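Topology and contacts: notes
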Amino acid sequence: MITLPAELGHALAAMVARHREQDLARAAGRLTARYRQPIHEPALRSAVDVAAYAATRMPATYAAVTAALTQAAVCVPDFQPASQLDIGGGTGAAIWAATAVWPSLRHVTVVERDLAVIEFGRRLAASAVHPAVRNATWNRSEIRVDLNTSPADLITLSYVLGELPPAVRDPVVGWLAGQATTVAVIEPGTPDGHARVLAARDQLIGLGMRVAAPCPHSASCPLAGGDWCHFSARLPRTGLHRRLKSAELGFEDEKFSYVIATFAPAIPPDSRVLRHPRTRKGLVTLTLCADGVREESVSKRHGDVYRAARNVEWGDPWL
Ligand SMILES: C[S@@+](CC[C@H](N)C(=O)[O-])C[C@H]1O[C@@H](n2cnc3c(N)ncnc32)[C@H](O)[C@@H]1O
């Protein structure tokens, strides 16, 4: 379960409480409908939209980015970023996530076009314990290749590629590779999200980066012929979150696709678990991505490997 940092949870609850719950619920419904279509114009059109986004989506994007960056930290153990540039940063989920994974971060810049979103994110950030979040620079700007920003050790592009017009995506991704040591692209875990991640992956590899996660290699994706991969991060839902989404469960599973590409020395795993492991009495079956996608069955007679297989989860590295 990936939970918001305590101070962020409190600040978020306090800021959302400034709005009437029925207004938030209507805004949350509008946002869900808007995000079902490709979005190339501002989706958040009012202060209540921003609050509804932050209440219903920020905990989920925080969880997805944290899960993705956690895998990157395992695979690029010597990478200790001091600076982050968060492109299309919204209310700042990815800066909170990155500083949780890499407390080494000292300078954080968020690029975001919407002033109301920036104001909301800045207020949340004022509560942060980590100084890099508290002192983040919020740069109001359209995403372009000639952004007036300094290069950064880490660039995050979280749930934003799909909001850029297709013609802008390649130039922006190409520009990112020239600005960073490590680039993290996170998208919704849908076939379209995965297709955008795959296109970014190909481009970043073409520009000389290596894939650190999730792929155990930087060769062509073995799923490219129509199949796709995604991962899942579980997060708790507050009572308000549940009511705004008309949901009953006290948690949700955020599905996401991602790629982390880097110029830093990476040690990718031999393979990665691509689906929920299937466990039957004395047997665990794993779907693995290695140099191709394959099934591996591990039985009790494999001893320690069997015990490891019982504990491994969807998205984890495997031996
Ligand atoms: C779905 S939200 C994701 C926010 C955040 N990265 C997260 O993971 O929660 C997409 C954000 O990108 C911003 N955005 C979309 N297109 C943009 C553009 N062309 N220039 C600047 N910001 C943009 C939107 O205003 C919005 O805040």
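Residues numbered from 1 in each chain as written. Predicted model: local features only at pLDDT ≥ 70, side-chain atom pairs only at ≥ 80, totals over all residues. Heavy atoms only, no water.

This part is about the overall build of the protein. The helix and strand inventory of the protein stands at eleven helices and 13 strands. Dimensions along the principal axes, computed over C-alpha positions, put the protein at roughly 60 × 45 × 35 Å. Looking at the protein as a whole, 53% of its 319 residues are labelled buried. Here the contacts in the protein between residues at least 6 apart in sequence split such that 71% fall between residues at least 24 apart. Accessible area for the protein stands at about 14200 Å²; split by element, carbon and sulfur atoms hold 53% of it. Of the charged side chains in the protein, 35 are positive and 30 negative; the average position of the first set lies 6 Å away from that of the second. (Helix = DSSP H or I, 4+ residues; strand = E, 2+ residues; numbered from the N terminus. Buried < 20%, exposed > 50% of the residue type's maximum accessible area, 1.4 Å probe, protein only. Contact = heavy atoms within 4.5 Å. Areas by Shrake-Rupley, 256 points an atom, 1.4 Å probe, with all protein chains shown as cover. Lys, Arg positive; Asp, Glu negative; His and termini not counted. Charge placed at Lys NZ, Arg CZ, Asp CG, Glu CD.)

Right, let's talk about the environment of Ser150 for a bit. Mapped onto the secondary structure, Ser150 falls in the loop between strand E3 (137-140) and strand E4 (152-158). When residues no more than four places from it in sequence are discounted, the contact partners of Ser150 are Leu85 and Gln179.

Turning to the side chain of Glu112, a few remarks are in order. Structurally, the position occupied by Glu112 is in strand E2 (residues 107-112). One buried charged residue, Glu112, remains without a salt bridge, the closest side chain of opposite sign being Arg113 at 5.3 Å. Not counting the four nearest positions on each side in its chain, Glu112 is found in contact with Gly88, Gly89, Gly90, Val117, Ile118, Asn139, Arg140 and Ser141. (Salt bridge = Lys/Arg side-chain N within 4 Å of Asp/Glu carboxyl O.)

To continue, consider the domain arrangement of the protein. Partitioning the protein into domains gives domain 1 (6-262) and domain 2 (271-318). Each of domain 1 and domain 2 has a C-alpha centre, and these two points are 29 Å apart. At the junction of the two partners, domain 1 supplies 17 residues and domain 2 supplies 14 residues. Summed over both partners, the interface of domain 1 with domain 2 comes to about 1000 Å²; 64% of that surface belongs to carbon and sulfur atoms. In this structure, the connection of domain 1 to domain 2 is made through one salt bridge. With a shortest N-O distance of 3.4 Å, Arg275 and Asp227 are connected by a salt bridge. One can count five residue pairs in polar contact (both at pLDDT 80 or more) joining domain 1 with domain 2. (Domains from an automatic or database assignment. Buried area = accessible area lost by both parts, 1.4 Å probe. Polar contact = N/O pair within 3.5 Å; in protein donor to acceptor, adjacent residues only side chain to side chain.)

Further remarks concern the pattern of salt bridges. If you walk through the whole model with that rule in mind, you get 16 salt bridges. Between Arg57 and Glu254 there is a salt bridge, and its shortest N-O distance comes to 2.9 Å. Here Glu254 lies in strand E8 (residues 251-262) and Arg57 lies in the loop between helix H3 (47-56) and helix H4 (58-75), a separation of 197 residues in the sequence. A relative accessible area of 8% means that Glu254 is categorised as buried. Between Glu119 and Arg122 there is a salt bridge; the shortest N-O distance is 3.6 Å. Note that Glu119 and Arg122 are positioned in helix H6 (residues 115-125) at a spacing of three residues, about one turn of the helix. On the accessibility criterion, Glu119 (35% relative accessible area) is partly exposed. One salt-bridge network, in which partners are shared between bridges, spans Arg20, Asp23 and Arg26.

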